[in-house]
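An overview of the molecular structure
Residue strings, one per chain:
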Amino acid sequence: MKIVKYLFVSLLMLFLRIETVHAQNFTSQQRTLQATIKSAYKSKKLTAKEYAKLLEEQEIIKTTILKAQADGVMTPDEKNRIHSKLTRARKRLAKYKTNREIY
């Protein structure tokens, strides 16, 4: 019985910790996306022009995150803007990776 309680409590703590870490951690999401972009370019899934566009977009996202964090309070509007920029960048990366056009 004690083992079951311990397992349940540890799973609950793990779940709560994952939720806290995952919730609105835009900086880590942006870094992960940037690393994915670099690895896709190194594996020749992106052209140089697409890579440059995506990196420019990443700089804009990074600047937006820094501006939102400047005053120490991130409003829901700022969170929504950052989230939509990250989502748009992920979709654009997926589109560029499957796009087989030659520039």
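This write-up is about the structure you can find in this document. Small disclaimer: the values here were computed from a predicted structure and weren't measured. (Residues numbered from 1 in each chain as written. Predicted model: local features only at pLDDT ≥ 70, side-chain atom pairs only at ≥ 80, totals over all residues. Heavy atoms only, no water.)

**Comments concerning the side chain of Gln30**
How we decide: The helix count covers DSSP runs of H or I at least four residues long, the strand count covers runs of E at least two residues long, and both are numbered beginning at the N terminus. Two residues qualify as a contact provided that any one of their heavy atoms is within 4.5 Å of a heavy atom in the partner residue.
Looking at the element boundaries, Gln30 is found in helix α2 (residues 26-42). Contacts of Gln30, omitting those with residues within four sequence positions, involve Gln58, Ile61, Lys62, Ile65 and Leu86.

**Let's talk about the nonpolar core**
The criterion, for reference: In this text, buried Ala, Val, Leu, Ile, Met, Phe, Trp, Tyr and Cys residues form a nonpolar core when linked through side-chain atoms within 4.5 Å. Only protein chains enter the accessibility calculation, which uses a 1.4 Å probe; a residue is then buried when its area is under 20% of its type maximum, exposed when over 50%, and partly exposed in between.
Judged by nonpolar contacts, the single largest core of 15 residues is most densely connected at Leu33, Ile37, Leu46, Leu54, Ile82, Leu86 and Leu93. Looking at this core, the elements that each hand over two or more residues are α2, α3 (48-69) and α4 (76-98). Setting aside residues no more than four positions away along its own chain, Ile82 makes contact with Phe26, Thr64, Ile65, Ala68 and Met74.

**A closer look at the pattern of salt bridges**
Under the convention used in this document: Just to be clear on terms, a salt bridge is a Lys or Arg side-chain nitrogen sitting within 4 Å of an Asp or Glu carboxyl oxygen.
What the rule picks out here adds up to three salt bridges. Two residues, Glu59 and Lys62, come together in a salt bridge whose shortest N-O distance is 3.5 Å. Within this pair, Glu59 and its partner Lys62 are both found in helix α3, separated by three residues, close to a single helical turn. The residue Arg81 makes a salt bridge to Asp77 at a minimum N-O spacing of 3.1 Å. Of the two residues, Arg81 and Asp77 both sit in helix α4, four residues apart, roughly one turn of that helix.

**Focus on the packing of α3 against α4**
Definition in use: Helix axes are fitted to C-alpha atoms over the stretch in contact, other axes to C-alpha atoms as well, and angles between N-to-C directions run from 0 to 180 degrees. Small angles under 35 degrees read as roughly parallel and large ones over 145 as roughly antiparallel, with 65 to 115 read as roughly perpendicular and the rest as oblique. What makes a crossing left-handed is the near helix being turned counterclockwise from the far one by less than a right angle; a clockwise turn instead makes it right-handed.
Their axes nearest at 10 Å, the elements α3 and α4 cross at an angle of 165°. If you check the angle between α3 and α4, you find them roughly antiparallel. Judged by the sense of rotation from one axis to the other, the crossing of α3 with α4 is left-handed. Listed contacts from α4 to Glu50, Lys53, Leu54, Glu57, Gln58, Ile60, Ile61, Thr64, Ile65 and Ala68 of α3 are Glu78, Ile82, Lys85, Leu86, Arg88, Ala89, Arg92, Leu93 and Tyr96.

**Regarding the environment of Lys38**
Mapped onto the fold, Lys38 is located in helix α2. Separated by 16 residues in the primary sequence, Lys38 and Leu54 have C-alpha atoms spaced 9.6 Å apart.

**Some remarks on unusual backbone geometry**
A positive phi angle is found at Lys44, which is not glycine, with a value near 65°. Looking at the secondary structure, you find Lys44 in the loop between α2 and α3. A relative accessible area of 68% means that Lys44 is categorised as exposed.

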